[in-house]
Amino acid sequence: MESAEFKEFGTAMLNYITEYLDNIRDRRVLPTVQPGYIQDLIPAEAPEEGEDWKDVMKDIERVIMPGVTHWHSPNFHAFYPTANSYPAIVADMLSGAIACIGFTWMSSPACTELEVVTLDWLGKAIDLPPEFLSGPTNGKGGGVIQGTASEATLVALLSARSRFAKKHLSNARSFDEDNFIGKLVSYTSEQSHSSVERAGMLAGVKMRMIPTDEDLRMRGADLKAAIQKDKAAGLIPFFVVATLGSTNSCAFDALDEIGDVCVEEEVWLHVDAAYAGAAFVCEEYRYLMVGMDKADSFNFNPHKWMLVNFDCSAMWIKNANEVVDAFNVDPFYLKHDMQGKAPDYRHWQIPLGRRFRSLKLWFVMRIYGLKKIKEHIRLQIKLAHDFEQMLRKDNRFEIVTPVIMGLVCFRLKDKSNDDNEKLLKRINERGTIHIVPAKLKGVYIIRFAICSRFTNLEDVEIGWKEIQDATTELYPSA
Ligand code: PLP
C-alpha cells in the first residue's frame, strides 16, 4: 500500500472510529457469539493475493463487531475502566508510524527522553514524593512505562530479590547459596490482585496473604506479626505489596502503617494503585496515599482511568539503580557512547523491545490538561455516588463497602450467595448492562463500576432500572 491509498484507508477508518464511538450506546454491550464463531466467517488460509482494503473494512461489521464486548459503552460497568480518548488514539497512530524500538537511549533518544519528562509531569501531578522523580534526583529516581501493573509488580519483586541477594550472598547473581530463594518471603493483602500472587509464583518465592481488617485493609500490626514470625523461623522477609484501591472492592491498605513496618524491617515496599492512582490528580483523594514516602516503588495505570489507551502502566522507582542491577545484561551490540548519561529503559523492564508509549501520555496531558483530567475523575466518582443514593432508597439492597472512588459494591439484603449470583446472571442475560461479581470474605457481592467516559446520569439510571427490574422478575415478593 502506498501513501495515497493509505490516506484514503486512514480517512475511512477515522470516520468509522468516530461513528463507532458516537453511536456505541446503541450496541449490545455483551456479544452473544459462541467460541469458534470467527472460524465460520473467514477462510482457514491467508489469501495468496492481496485484497482491497475496502473489502477488509466491510468485514469489520460482519466479522469483528459481533464478537466485541463494548468496553466503552456507557452501559459497561464491569471490572474497572479501561481508558479511551481521541488524543491517545492519534498518538498511537504516530507511534505506529515512527515504529521505533526504544530499548536504549541511542536506539531512539526522543522515545526515552519524552518518557522521562512525562513521567516526571505525571508524578508531580499526583504529588508523588520528589525522590520518585528523575529531575529532582538527577536520575537516581524516576519513572518508566510498563505494559501492565502485573509487570510492574514483577519488576519490583525481582528488583527487591536482587537487592537482598546483594546483601546476603557472596555472588548476588547466582541465588543458589544456602537455599536463599527458599528462605525469601513476600507479603500482600488477601484482597490484592491475583497478579501479585502470580509475581511470587513466577519468581519462586513465598507470598503470604495477610488477612485484612473489617474494612478489608491490610494493617501494619498484622504485617509486622507475620514478618516477625517468619524471621524467628529463619526466613528472609524481603518484599511487601500494598494495594491502594483493591480490585474486589476498592479498599485501601493502611499505607502509612505498612510503610513504617517496611522501613523498620528493611523490606522493599511496592504500592499497587492500578485503578485508584489516577484519582490522586485530585487533591481531595491524596489523604489515601499518605505514607508513599516510605515506599520503594509505586505504580498506577493511566490506561485504566486517565484517558490514555492501553497499554500505559506508569511505574516509579526511588532508586533506579536497584532495578538496573537486577535486569542489566550488557551485550556488545547494545552498548553506545551515551551509556550512563540517560536511562536505557531495557534495564527497567522484562522485554528488550518497547514502543513509543509516552506519546499518548504526552498528548493526553497536553490536550486535556490536568484540569479536564480532574473533571473526568470527579464526574465518575460523583456518578458512583448518584448510583449509591439510588440503591439506598430501595430496601431490597445493601451497600457492602464504603463508596470511595467510581465503584459501588452491593448485594440483595438477607439473600444467599446463590440468590445474588442468580440476580447477576439475570442482569447480564438481559443484555443492556454488563456487571461482574466479587467475593469478600466468602460473601458474594455485585460490583457496579463507572467505566466509560461517555457514561452520564441517564446511563446510571438505566443501569439502576435494569437491576431493579431483574430483581423484581426474580423475586417478585421481595
Ligand atoms: N492491580 C489492581 C489493584 C488491579 O485492579 C488490576 C486490574 O484491574 C491489576 C493490578 C492488574 O492490572 P494489569 O492488567 O495492568 O496488569
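This section reports on the structure supplied with the text. Quick caveat: nothing in here was measured; it's all calculated off a predicted structure.

**Things to note about helix α2 (residues 53-64)**
Working step 1: When the terminal C-alpha atoms of α2 are compared, their 15 Å separation across twelve residues agrees well with the 16 Å that a helix rising 1.5 Å per residue should span.
Working step 2: Among all positions in α2, only W53, M57, I60 and V63 are buried. Across the axial projection of α2, the buried residues extend over an arc of 145°, all falling on one side.
Working step 3: As for α2, its buried residues are in contact with α1 (3-22).

**Quick look at the site of the ligand**
Working step 1: Close contacts around the ligand come from 13 residues, with A149, S150, T247, D272 and N301 the closest.
Working step 2: D272 has a polar side-chain atom sitting 2.6 Å from a nitrogen atom of the ligand.
Working step 3: K304 is positioned such that a nitrogen or oxygen atom in its side chain is 3.3 Å from an oxygen atom of the ligand.
Working step 4: When the free accessible area of the ligand is taken as 400 Å², the share hidden by the protein chains comes to 87%.
Working step 5: Put simply, the parts of the chain that give the shell around the ligand at least two residues each are α5 (149-168) and α10 (302-305).
Working step 6: Tallied by class, residues from the shell around the ligand come to three nonpolar, eight polar and two charged.

**Examining the state of the cysteines**
Working step 1: This structure, assessed with the given rule, holds zero disulfides.
Working step 2: Not engaged in a disulfide, the cysteine C100 finds its nearest cysteine sulfur in C111; these two sulfurs lie 4.3 Å apart.
Working step 3: Looking at the unpaired C451, the closest cysteine sulfur is the one in C250, lying at 12 Å.

**Brief notes about the packing of helix α13 (residues 417-430) against helix α14 (residues 457-474)**
Working step 1: Their axes nearest at 9 Å, the elements α13 and α14 cross at an angle of 120°. Relative to α14, α13 is oriented oblique. In the packing of α13 onto α14, the handedness of the crossing is right-handed. Two secondary-structure elements touch here, α13 through K422, L423, R426, I427 and R430 and α14 through E466, I467, D469, A470, T471, E473 and L474.
Working step 2: Taken together, the residues of the contact of α13 with α14 sort by class into five nonpolar, one polar and six charged.

**Concerning the side chain of S189**
Working step 1: With respect to the helices, strands and loops of the structure, S189 is situated in strand β2 (residues 184-189).
Working step 2: For S189, a relative accessible area of 1% corresponds to the buried category.
Working step 3: Reaching out from S189, the side chain makes a polar contact with the backbone nitrogen of Q191 at a distance of 2.7 Å.
Working step 4: Once you skip the residues sitting within four places of it in the chain, S189 turns out to touch M209, I210, T212, M218, V241 and D253.

**A few points about the nonpolar core**
Working step 1: Grouped together as the largest cluster of nonpolar side chains are 71 residues, with contacts concentrated most on F280, M292, F298, W316 and M405.
Working step 2: At six residues, helix α12 (residues 358-392) tops the list of elements feeding residues into this core.
Working step 3: The contact partners of M405, leaving out residues within four places of it in the chain, are C250, F252, Y275, A276, A279, Y285, L288, W305, I381 and A384.
Working step 4: Counting residues in each nonpolar core, the second largest holds 33 residues, with V116, F164, A199 and V205 among its members.

**Brief notes about the side chain of T401**
Working step 1: Position of T401 relative to the elements: it lies in the loop between β8 (397-399) and β9 (407-412).
Working step 2: You can call T401 buried: its relative accessible area is 10%.
Working step 3: Among residues more than four places away in sequence, those in contact with T401 are L216, S249, C409 and L440.

**As for the sheet that holds β2**
Working step 1: If you walk across this open sheet you meet the seven strands as β1-β7-β6-β5-β4-β2-β3, and the pairing is mixed. Only two strands of the sheet have a single partner each, and these edge strands are β1 (142-146) and β3 (206-210). Taking each pair of neighbouring strands and ignoring which way they run, the sheet shows an average axis angle of 20°.
Working step 2: In terms of strand pairing, strand β6 (residues 297-300) meets strand β7 (residues 313-317) through four bridges, oriented antiparallel.

**Overview of the pairing of strand β5 (residues 268-272)**
Working step 1: Counting buried positions along β5 yields five of five residues, so the element is predominantly enclosed.
Working step 2: On β5, burial covers both faces: W268, H270 and D272 on one face and L269 and V271 on the other are all buried.
Working step 3: Alignment of strand β4 (residues 236-243) against β5, held across five bridges, turns out to be parallel. Considered in β5, the bridge of F239 is made with W268.
Working step 4: Taken together, β4, helix α9 (residues 255-265) and β5 constitute a β-α-β crossover, and its handedness is right-handed.
Working step 5: By the bridge criterion, three bridges tie β5 to β6 in an arrangement that is parallel. Across the sheet, V271 pairs through a bridge with F298, a residue of β6.

Rules used in this analysis
- Residues numbered from 1 in each chain as written.
- Predicted model: local features only at pLDDT ≥ 70, side-chain atom pairs only at ≥ 80, totals over all residues.
- Heavy atoms only, no water.
- Helix = DSSP H or I, 4+ residues; strand = E, 2+ residues; numbered from the N terminus.
- Expected span 1.5 Å × (residues − 1).
- Buried < 20%, exposed > 50% of the residue type's maximum accessible area, 1.4 Å probe, protein only.
- Arc of directions from axis to C-beta.
- Contact = heavy atoms within 4.5 Å.
- Near = heavy atom within 4 Å.
- Polar contact = N/O pair within 3.5 Å; in protein donor to acceptor, adjacent residues only side chain to side chain.
- Areas by Shrake-Rupley, 256 points an atom, 1.4 Å probe, with all protein chains shown as cover.
- Nonpolar A, V, L, I, M, F, W, Y, C, P; charged D, E, K, R; others polar.
- Disulfide = S-S within 2.5 Å.
- Axes fitted to C-alpha atoms, helices over the stretch in contact; angles between N-to-C directions.
- Parallel < 35°, antiparallel > 145°, perpendicular 65-115°, else oblique.
- Left-handed = near helix turned anticlockwise from the far one by under 90°.
- Core = buried A, V, L, I, M, F, W, Y, C linked by side-chain atoms within 4.5 Å.
- Pairing = 2+ DSSP bridges.
- Right-handed = clockwise from strand over helix to strand, strands pointing away.

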